[in-house]
Amino acid sequence: MTQAMSHWEKIKAAHLKLYMTCRDEGDIASAWKAFEGTVKGAAEKPPYHLHLVMDMLDELADGKRKSKIRILDHGCGGSLTLLYLLTSGYEEIHGVDIGGYCESLNRLLNGHLGLKKKRFFVYDGRQLPFEDDSFDFIFSSQVVEHIRSNVLENYYAEEGRTLVSGGMAYHQVPHRLAPYDSHTRTWFIHYLPRNIWLSILRILGQDMTVPEQALFLRWPWVHRELAKRYLGSCEDRTMKRFIGLSDMTDYDGPTRLRRLLGQMLRIPVVRDISGLVLKNFVMLDTVSRKPLSATSGVGQAVLPK
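What you see is a predicted model, and the numbers here were worked out from it, not measured in a lab.

### Some thoughts on a nonpolar patch on the surface
A cluster of nonpolar side chains, namely Leu276, Val277 and Phe281, defines an oily patch on the protein surface of about 280 Å² accessible area. With respect to the secondary-structure elements, Leu276 resides in helix 12 (residues 268-278). On the basis of relative accessibility, which here comes to 55%, the residue Leu276 falls in the exposed class.

Shown next, in the form of structure tokens:
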């Protein structure tokens, strides 16, 4: 018997069809209608990994209309999260990546949906193509581990430059201290020096394209230090995300272990004692808020022509 698709699987399938339609210049109107309908059909049960994003956007709203909150996905890929947010009324969405079909996505937003200005940009991975104080909210989801060391610090510095005073930045970061690496689906070997780790992956017969060229797992304190240096703070919300996951339908990892740990941490005493340790050994979720200043930016983002 074929297992029914979860809400998130349906959303991803509709997004893929939309993405390919935009790329191939097909019937964008029908593809968008199908995607929007799929998202809204699952509105009562948003995907677990977006709960923190939605919570932070609610924090930022504070009487401000959704359509005026300026959002940047720093490493947007196919921009599924941004398009999901667009269906919820967040119109000021923007994305950058070092590749992809950004012009196709711009064709969707500018041509079919009538949103003004270019929103998606292919960039060099160094300098964001936006003016200072352009965004209220910047997020990256499992992107930082793919950034080479020679541009890592600049990645955070550019976020600090383009985030308004009082704005928020959210990062979800797979890191080296977590015993399970979901990219290679291996345990512990990434604790070893990089050259030894890569050698073991070759022996295991793994495809080395991503590990060699685009996977740079770091210790979690590296991320925390850079966030504090360039964004002003680094609040750990890992346990909030970890405890909040009860539906394992779309979880990509060791499901039984994850379910057991989640159940244990819902017990207050256990959470208070073991949570402080466990949060260092799972994927990191942090929120930074840029300090307020007398010249905090408001209004529309100043974007390149």
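Alright, that's what it looks like, and here's the rest.
### Concerning the pattern of salt bridges
Applying the stated criterion across every chain yields a total of 15 salt bridges. Between Arg289 and Glu59 there is a salt bridge, with its nearest N and O atoms 3.8 Å apart. Residue Arg289 is located in strand 9 (residues 284-289), and its partner Glu59 is located in helix 3 (residues 51-61); the two are separated by 230 residues in the primary sequence. For Arg289, a relative accessible area of 37% translates into the label partly exposed. Relative accessible area serves as the criterion here: at 35%, Glu59 is assigned to the partly exposed category.

### Re the pairing of strand 9
For strand 9, the buried fraction is high: five of the six residues fall into the buried class. Where strand 5 (residues 163-173) lies against strand 9, six bridges are found, and the strand directions are antiparallel. By the bridge assignment, Tyr170 is partnered in strand 9 with Val287. Sheet topology note: the strand 8 (residues 235-236)/strand 9 ladder contains two bridges and is antiparallel. Bridging across to strand 9, Glu235 finds its partner in Val287.

### Digging into unusual backbone geometry
Of note in this structure, Glu25 is not a glycine but carries a positive phi near 55 degrees. Relative to the helices and strands, Glu25 resides in the loop between helix 1 (7-23) and helix 2 (28-41). Using a relative accessible area of 57% as the deciding quantity, one classes Glu25 as exposed. The phi dihedral of Arg185 is positive, around 55 degrees, even though this residue is not glycine. Structurally, the position occupied by Arg185 is in the loop between strand 6 (180-181) and strand 7 (186-187).

### Digging into helix 7 (residues 194-203)
Think of an α-helix as turning once every 3.6 residues; residues three or four places apart then point the same way. Along helix 7, the residues that are buried comprise Trp197, Leu198 and Leu201. Buried positions in helix 7, seen along its axis, are confined to an arc of 95 degrees and lie on one side of it. Facing away from the buried surface of helix 7 by more than 90 degrees, the exposed residues are Asn195 and Ile203. On the buried face of helix 7, the contacting elements are strand 6, strand 7 and helix 8 (209-214). Remark: Gly205 follows helix 7 within two positions and exhibits a positive phi of approximately 80 degrees.

### Quick look at the nonpolar core
The biggest cluster of nonpolar side chains holds 42 residues, and the ones touching the most others in it are Phe35, Ile71, Leu83 and Phe137. Put simply, the parts of the chain that give this core at least two residues each are helix 1, helix 2, helix 3, helix 4 (80-87), helix 5 (102-112), strand 4 (135-141) and strand 5. With seven residues, the top contributor of residues to this core is helix 3.

### Things to note about the packing of aromatic side chains
Aromatic ring pairs are reported here in terms of the distance separating the ring centres and the angle at which the planes meet. Here the structure, examined in full by the defined rule, presents eleven aromatic pairs. Measuring from ring centre to ring centre gives 4.8 Å for Phe130 and Phe135, while their planes differ by 85 degrees; the resulting arrangement is edge-to-face. For the residue pair Phe130 and Phe135, the accessibility class agrees, reading buried in each case. Taking the centre distance of 6.5 Å and the plane angle of 55 degrees together, the rings of Tyr191 and Trp219 count as tilted. Taken as a pair, Tyr191 in the loop between strand 7 and helix 7 and Trp219 in the loop between helix 8 and helix 9 (220-231) lie far apart in primary sequence, 28 residues in all. Under the relative-accessibility criterion, Trp219 is labelled partly exposed at 27%. Here the aromatic residues Tyr180, Trp187, Phe188, Tyr191, Trp219 and Trp221 are joined through ring pairs into a cluster of three or more.

### Description of the confidence of the model for the chain
Chain-level pLDDT for the chain is 86 on average; 86% of the residues reach the 70-or-more range. Across the chain, the element-wise mean pLDDT spans from 68 in helix 11 (residues 255-265) up to 98 in strand 1 (residues 71-74).

### Side note on the side chain of Ser67
Take Ser67: it is sitting in the loop between helix 3 and strand 1. If near-sequence neighbours (up to four positions away) are discounted, Ser67 is found in contact with Gly89, Glu91 and Glu92.

About the criteria used
Residues numbered from 1 in each chain as written. Predicted model: local features only at pLDDT ≥ 70, side-chain atom pairs only at ≥ 80, totals over all residues. Heavy atoms only, no water. Patch = residues over 30% accessible without salt bridge, like charges linked within 9 Å, V, L, I, M, F, W, Y side chains within 5 Å. Areas by Shrake-Rupley, 256 points an atom, 1.4 Å probe, with all protein chains shown as cover. Salt bridge = Lys/Arg side-chain N within 4 Å of Asp/Glu carboxyl O. Helix = DSSP H or I, 4+ residues; strand = E, 2+ residues; numbered from the N terminus. Buried < 20%, exposed > 50% of the residue type's maximum accessible area, 1.4 Å probe, protein only. Pairing = 2+ DSSP bridges. Arc of directions from axis to C-beta. Contact = heavy atoms within 4.5 Å. Core = buried A, V, L, I, M, F, W, Y, C linked by side-chain atoms within 4.5 Å. Phe/Tyr/Trp six-rings, centres within 6.5 Å; stacked < 30°, edge-to-face > 60°. pLDDT = per-residue confidence, 0-100.

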